[in-house]
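Here are the chains, one letter per residue:
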Amino acid sequence: MSLHEKQTLSGRLTIELRTPDGRIVTRRQHDNLITTTGKSLVARIFSGEVTGKPELRIAIGSDAHDVKPDDKNLGEPRDEVVATTKQVTVVSEDGQQRALATVTATFPPIGDRRQELHEAGIVIRFPNLDPVLYNRVTFGSITRTGNLDMTLTWEVLF
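Numbering of residues starts from 1 in each chain and follows the order in which that chain's sequence is written. Whole-chain, interface and lining totals are the exception, using all residues; otherwise, since this is a predicted model, local features are given only for residues with pLDDT of at least 70 and side-chain atom pairs are given and counted only at 80 or more. With hydrogens and water excluded, all non-hydrogen atoms of the structure serve as input to the side-chain values.

Enquirer: Explanation requested: the environment of Ala120 in the structure shown.
Expert: In this text, helices come from DSSP runs of H or I with a minimum length of four residues, and strands from runs of E with a minimum of two, each type numbered from the N-terminal end. Looking at the element boundaries, Ala120 is found in strand S9 (residues 111-125). Exposed residues in this analysis have more than 50% of their type's maximum accessible area, buried residues have under 20%, and partly exposed residues fall in between, with area computed by a 1.4 Å probe over protein chains only. Note on Ala120: relative accessible area 0%, which makes it buried. Along the chain, Ala120 and Val156 lie 36 residues apart, while their C-alpha atoms are 14 Å from each other. For this analysis, residues touch if any pair of their heavy atoms sits within 4.5 Å. When neighbours within four sequence positions are excluded, Ala120 is seen to be in contact with Leu13, Ala59, Ile60, Leu74, Asn135, Arg136, Val137, Phe139, Leu152 and Trp154.

Enquirer: How should the environment of Arg78 be read in this particular structure?
Expert: As for its placement among the helices and strands, Arg78 is situated in the loop between strand S4 (55-61) and strand S5 (79-82). Separated by 19 residues in sequence, Arg78 and Ala59 have C-alpha atoms that sit 6.9 Å apart. Other than its neighbours up to four places away in sequence, Arg78 contacts Ala59, Ile60, Gly61 and Val123. Polar contacts, as counted here, are pairs of nitrogen or oxygen atoms within 3.5 Å of one another; within protein the pair requires one atom able to donate a hydrogen and one able to accept it, and residues that are adjacent in sequence qualify only if both atoms are side-chain atoms. For Arg78, the side chain forms a polar contact with the side chain of Glu80, separated by 2.6 Å.

Enquirer: Got a minute to help me understand the pattern of salt bridges in this structure?
Expert: Side chains that differ in charge, positive against negative, can pair when their charged atoms come close. Salt bridge, as used here, is a side-chain nitrogen of Lys or Arg placed within 4 Å of a carboxyl oxygen of Asp or Glu. Taken as a whole and assessed by the stated rule, the structure comprises twelve salt bridges. Put simply, Glu16 and Arg27 hold a salt bridge, and the shortest N to O gap is 2.9 Å. With Glu16 in strand S1 (residues 10-18) and Arg27 in strand S2 (residues 24-31), this pair connects stretches of sequence that are eleven residues apart. Take Glu16: its relative accessible area is 10%, and that puts it in the buried class. Salt-bridge contacts for Arg114 lead to Glu116; the nearest nitrogen and oxygen are separated by 4.0 Å. Within the structure, one salt-bridge network assembled from shared partners comprises Glu55, Arg57, Arg78, Glu80 and Arg125.

Quick look at the structure:
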């Protein structure tokens, strides 16, 4: 009997805007696309071509064009924040076991500025390599203003 497994890399982003006392004023979830360069990086890590501990960053931008596999950057203006990760866990999804990595970053309040956002992605940085946009998602406009923190949490499935 032959076993065949078919699964793809995937991810889901949760965006939350919070008041200084922690109250959530906006919460959205969006599925993403893993870029071709993101998939290639995972393969290069697996083959040993790329080694070391990466720095993960979550980036936000203003470009609303449709997501494409060959996307390599987010639009301008853009911000990036170093992300934290939780220990990888195994989850069951549609009867299959998958590894789940959770990546989170909080963007601080921006005061008197105003920032219109339409996209986000995880940027992976290894020493001596150009940064890689692992994934990208676009969404309806989110406006950052005032004293709101913005937390982006990505559930990345392997």
